[in-house]
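Observations on the model geometry
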Amino acid sequence: MSTTTTPADNGVDVEFLLGARDALTAEPAGAQFTWRVSNTWVRGTHSQSTVQGFFGLGEEQDTARDFRFEADHPELFSAENHGATPVEILLTSLASCLTGGIAAVAQNRDIQLHSVRCSIEGDMDVRGILGIDTDVRNGFSDIRVTYTIDADASPADVAALVAQSQKRSAVYDILTNPTNVTVEVAASA
């Protein structure tokens, strides 16, 4: 009696990713990417952000992209609640980056995923951003990420998927390591 195993299909083209890794190892200048977002104030604390195109592989890429995001604050802060708060969008970015990584690592390791769910909580003392107490940090004091994953793998293998995703996550790195951020005001036209 013979058994046939079906390869994992999590929707990630690992061969392409491994080829890209090889190509960018040979040509590291192509690995320099610039991601861009433009943001426009609407009213109150409501703003709209647009993602269109990016620079990579030595030239402009995918200029047909057009993704839009709404950000605002809840009515509790005397706002109009037209979108998620910027810190909620940040948590969404972390969840999305880690989850995408889990799918890619699982595909590379031939582990079939059935479901991946993530919940993230971030603790913040708003006295800092309101200027009540200058000793209180403006940002999160703690972020907790919890995954529930159903996969054809042992619990140890699932934990290894999450650990490898965390190790390679750009957003996790941005949040846990210092990043140079420059804010300036352009001359008015």
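In short, a report on the structure. (Residues numbered from 1 in each chain as written. Predicted model: local features only at pLDDT ≥ 70, side-chain atom pairs only at ≥ 80, totals over all residues. Heavy atoms only, no water.)

Further remarks concern the sheet that holds strand β6 (residues 67-71). On the basis of which strands lie adjacent, the open sheet formed by three strands has the order β2-β3-β6 and antiparallel pairing. With partners counted over all chains shown, the strands left at the sheet margins are β2 (38-43) and β6, one partner each. On average, each strand axis in the sheet is inclined to that of its neighbour by 20°, with strand direction left out of account. The pairing of strand β3 (residues 46-51) with β6 spans five bridges and is antiparallel. Bridging across to β6, T50 finds its partner in R68. (Pairing = 2+ DSSP bridges. Helix = DSSP H or I, 4+ residues; strand = E, 2+ residues; numbered from the N terminus. Axes fitted to C-alpha atoms, helices over the stretch in contact; angles between N-to-C directions.)

Time to look at helix α2 (residues 86-108). For α2, built from 23 residues, the straight-helix expectation of 33 Å at 1.5 Å per residue is met to within 8% by its first-to-last C-alpha distance of 33 Å. The set of residues buried in α2 consists of L91, L94, A95, L98, G101, I102, A103, V105, A106 and Q107. Of the surrounding elements, those touching the buried residues of α2 are α1 (14-26), β7 (113-123), β8 (142-151), α3 (155-168) and α4 (170-176). (Expected span 1.5 Å × (residues − 1). Buried < 20%, exposed > 50% of the residue type's maximum accessible area, 1.4 Å probe, protein only. Contact = heavy atoms within 4.5 Å.)

A cluster of nonpolar side chains, namely L76, F77, I129, L130 and I132, defines an oily patch on the protein surface of about 560 Å² accessible area. Within the fold, L76 resides in the loop between β6 and α2. (Patch = residues over 30% accessible without salt bridge, like charges linked within 9 Å, V, L, I, M, F, W, Y side chains within 5 Å. Areas by Shrake-Rupley, 256 points an atom, 1.4 Å probe, with all protein chains shown as cover. Salt bridge = Lys/Arg side-chain N within 4 Å of Asp/Glu carboxyl O.)

With that settled, the discussion passes to the nonpolar core. Of all hydrophobic cores here, the largest spans 18 residues; its most connected members are L113, I149, A151 and L161. Put simply, the parts of the chain that give this core at least two residues each are α2, β7, β8 and α3. When residues of this core are assigned to their parent elements, the largest contribution, eight residues, is made by α2. Beyond its immediate sequence surroundings of up to four residues, L161 is in contact with I102, V105, A106, R109, I111 and L113. (Core = buried A, V, L, I, M, F, W, Y, C linked by side-chain atoms within 4.5 Å.)

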